Amino acid sequence: MTVMRSVMTGVGGYLPETVVTNDDLARTVETSDAWIRERTGIRARHRAAPDQATSDLAVEAARAALADAGLTAADIDLIIVATTTPDLTFPAVAAMVQRKLGAPVGIAFDVQAVCSGFVYAMAVADGFLCRGNARRALVIGAECMTRLLDYQDRTTCVLFGDGAGAVVLEAREGAGTPDDRGLIGFALRCDGTKQDLLYVDGGPSTTGSVGHLRMQGQQVFRNAVVNIAEAVEAAAKAAGIAVRDVDWFIPHQANQRILIGVAHRLGLDESKVVSTVADHANTSAASIPLALATAIADGRVKRGDLLLMEAMGGGLTWGACAVRF
Ligand code: ACO
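All of these numbers come straight from a predicted model, not from anything done at the bench.

Parameters and conventions
- Residues numbered from 1 in each chain as written.
- Predicted model: local features only at pLDDT ≥ 70, side-chain atom pairs only at ≥ 80, totals over all residues.
- Heavy atoms only, no water.
- Near = heavy atom within 4 Å.
- Polar contact = N/O pair within 3.5 Å; in protein donor to acceptor, adjacent residues only side chain to side chain.
- Areas by Shrake-Rupley, 256 points an atom, 1.4 Å probe, with all protein chains shown as cover.
- Helix = DSSP H or I, 4+ residues; strand = E, 2+ residues; numbered from the N terminus.
- Nonpolar A, V, L, I, M, F, W, Y, C, P; charged D, E, K, R; others polar.
- Domains from an automatic or database assignment.
- Contact = heavy atoms within 4.5 Å.
- Buried < 20%, exposed > 50% of the residue type's maximum accessible area, 1.4 Å probe, protein only.
- Pairing = 2+ DSSP bridges.
- Axes fitted to C-alpha atoms, helices over the stretch in contact; angles between N-to-C directions.
- Parallel < 35°, antiparallel > 145°, perpendicular 65-115°, else oblique.
- Left-handed = near helix turned anticlockwise from the far one by under 90°.
- Phe/Tyr/Trp six-rings, centres within 6.5 Å; stacked < 30°, edge-to-face > 60°.
- Lys NZ or Arg CZ within 6 Å of the ring centre and 35° of its normal.

*Asks:* What am I meant to see in the site of the ligand here?
*Replies:* Near the ligand lie 23 residues; those nearest to it are Thr31, Arg39, Gln218, His252 and Asn255. Backbone polar atom of Arg154 to a nitrogen atom of the ligand: 2.9 Å apart, as the coordinates give it. Contact between the ligand and Asn282: an oxygen atom at 3.2 Å from a side-chain N or O atom of the residue. When the ligand sits alone it has 1000 Å² of accessible area, and the protein chains cover 75% of it. Those elements that place two or more of their residues in the shell around the ligand are α2 (33-40), α6 (154-157), α7 (217-239) and α8 (256-265). Tallied by class, residues from the shell around the ligand come to 11 nonpolar, 8 polar and 4 charged. Composition of the shell around the ligand by domain shows at least three residues from each of domain 1 (3-174) and domain 2 (182-324).

*Asks:* Could you clarify how one ought to interpret the environment of Lys100 in this entry?
*Replies:* If you trace the backbone, Lys100 turns up in helix α4 (residues 93-101). Between the alpha carbons of Lys100 and Ala224 there is a distance of 36 Å; along the sequence they are 124 residues apart. The residues touching Lys100, leaving out its near neighbours within four places in the chain, are Ser55, Asp56, Val59, Arg63 and Asp87. For Lys100, the side chain forms a polar contact with the side chain of Asp56, separated by 2.9 Å.

*Asks:* What is the right way to look at the pairing of strand β6 (residues 136-144) in this model?
*Replies:* The side chains of a regular strand alternate between the sheet's two faces. Burial runs high along β6: 9 of the 9 residues are buried. Sheet topology note: the strand β4 (residues 78-82)/β6 ladder contains 5 bridges and is parallel. Paired with Ala82 across the strands is Gly141, a residue of β6. In this structure, β6 lies alongside strand β7 (residues 162-174), joined through 9 bridges in antiparallel fashion. When the sheet's bridge partners are listed, Ala142 is paired in β7 with Ala164.

*Asks:* Just to check I follow, could you spell out the sheet that holds strand β13 (residues 317-324) for this structure?
*Replies:* Neighbouring strands of a sheet are bound in pairs by backbone hydrogen bonds; such pairs are parallel or else antiparallel. In spatial order, the strands read β8-β13-β12-β11; together these 4 strands make up an open sheet with mixed pairing. Whereas interior strands pair on both sides, the edge strands pair on one side only; in this sheet they are β8 (182-190) and β11 (248-251). If you compare each strand with its neighbour and ignore which way they point, the axes differ by 15 degrees on average.

*Asks:* Hey, could you run me through the packing of helix α3 (residues 54-69) against α4 in this one?
*Replies:* Each pair of packed helices gets described by two things: the angle between the helix axes and the distance between those axes. Running from N to C, α3 and α4 cross one another at 55 degrees; their axes reach a closest spacing of 9 Å. Classified by the angle between their axes, α3 and α4 sit oblique to one another. Crossing of α3 against α4: the hand is right-handed. Note on element contacts: α4 touches α3 through Val93, Met96, Val97, Lys100 and Leu101, opposite Thr54, Ser55, Asp56, Ala58, Val59, Ala62, Arg63 and Leu66. Tallied by class, the residues present in the contact of α3 with α4 amount to 8 nonpolar, 2 polar and 3 charged.

*Asks:* I tried to follow unusual backbone geometry on my own but got confused; where do I start?
*Replies:* Working note: non-glycine residues mostly have negative phi, and peptide bonds are mostly trans. The amide bond that connects Phe90 to the next residue, Pro91, takes the cis arrangement and shows omega of 0 degrees. One can find Pro91 in the loop between β4 and α4. Its identity as a non-glycine residue notwithstanding, Ala281 has a phi of 55 degrees, on the positive side. Here Ala281 is to be found in the loop between α9 (277-280) and α10 (287-297).

*Asks:* How should I be thinking about the packing of aromatic side chains in this particular structure?
*Replies:* Aromatic rings in a pair are described by how distant their centres are and how their planes are angled relative to each other. In total, this model carries 1 aromatic pair according to the counting rule given. Each ring, one from Phe109 and one from Phe128, has its centre 5.9 Å from the other, and the planes form 45 degrees; the classification is tilted. Within this pair, whereas Phe109 is found in strand β5 (residues 107-111), its partner Phe128 is found in helix α5 (residues 117-130), the two being separated by 19 residues in sequence. Positioned above the aromatic ring of Trp248, the side-chain terminus of Arg300 is 5.9 Å from the ring centre.

*Asks:* For this particular structure, what's the right way to read the sheet that holds strand β1 (residues 3-14)?
*Replies:* Across the sheet, which stays open at both edges, the 5 strands sit in the order β1-β7-β6-β4-β5 with mixed pairing between neighbours. Each end of this open sheet is capped by a strand with a single partner; those strands are β1 and β5. The mean angle between the axes of side-by-side strands here comes to 20 degrees, regardless of whether they run parallel or antiparallel. α3 contacts β1, β6 and β7 of the sheet and is inclined by roughly 120 degrees relative to β1.

Right, dumping it as structure tokens:
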């Protein structure tokens, strides 16, 4: 029996030019390179230029992914942008990306699941592709997280950066086995009762302003390792694979201690964990496709490899997906 699969045929990333080191931050807020490195593994983050918005970052990543796939914008009939930092309250960043790329009229919308947004968006795109409602999708994670930060709050302002990553997904027939290329299983979760652990204190229907990111770091940390591990196991089960068979574990890049904690809990060797958190910091929905693009560019991830991606973020939302590349 054949089934439709969403096959990843192109991947691209984009990081804005400006690099902000821990020492740069320590000049304006009471922190230190040693503290940030020890607690998070972060050395630096990129910051978008004042005239760059999230859609600009998204377009750069999308162009790179299209080139990698050997396609043009004319081939795309579905654009999903996972973001929590849109250019404007509306229209969606995806609509702006469609216009800037010159893509034809099709389906375009944003997904808001904060740091889990890319995993959610992959699952949503899979629904369109596998039901025959779209043929080629751009799934983009793009964020200007630095625009949400309170630079008086050292507990949060050191953790985040800006960037974008994109993948092209194409609907192709598979045999319905875990050996098929494409998205082969996912698990998505949300527990809205934990909103207070991680949120932004502004919005159009409350304060009428953008607001700042607020976080109870230790509580987020505790929830992360347990929650993520469960979702990864569930995604692996849905895919019909064992976690130990995974070639590359590509987590949301929040904190090196969380990445490694989850890998240990799953019995995964640290050498299988793709980590870019040192140089990118936490780019929210962009972090997984950015890490994937990095690991492809340096030759680690190869065609046919089994990838497990996972994320957790505000909501709380979390989830995981298994992809044969
Ligand atoms: N520089 C120096 N000192 C700091 C800083 C800083 N940037 N931030 C906090 N401190 C101080 C605190 O004020 C506190 O001082 P005190 O003891 O005098 O009160 C001390 O360091 C310890 O603070 P804790 O909050 O207990 O530090 P902890 O070891 O928990 O590390 C951290 C904080 C890094 C935020 C950690 O809790 C964490 O990583 N949590 C996960 C959060 C996360 O990754 N969120 C991302 C979004 S969710 C996601 O993507 C999964």
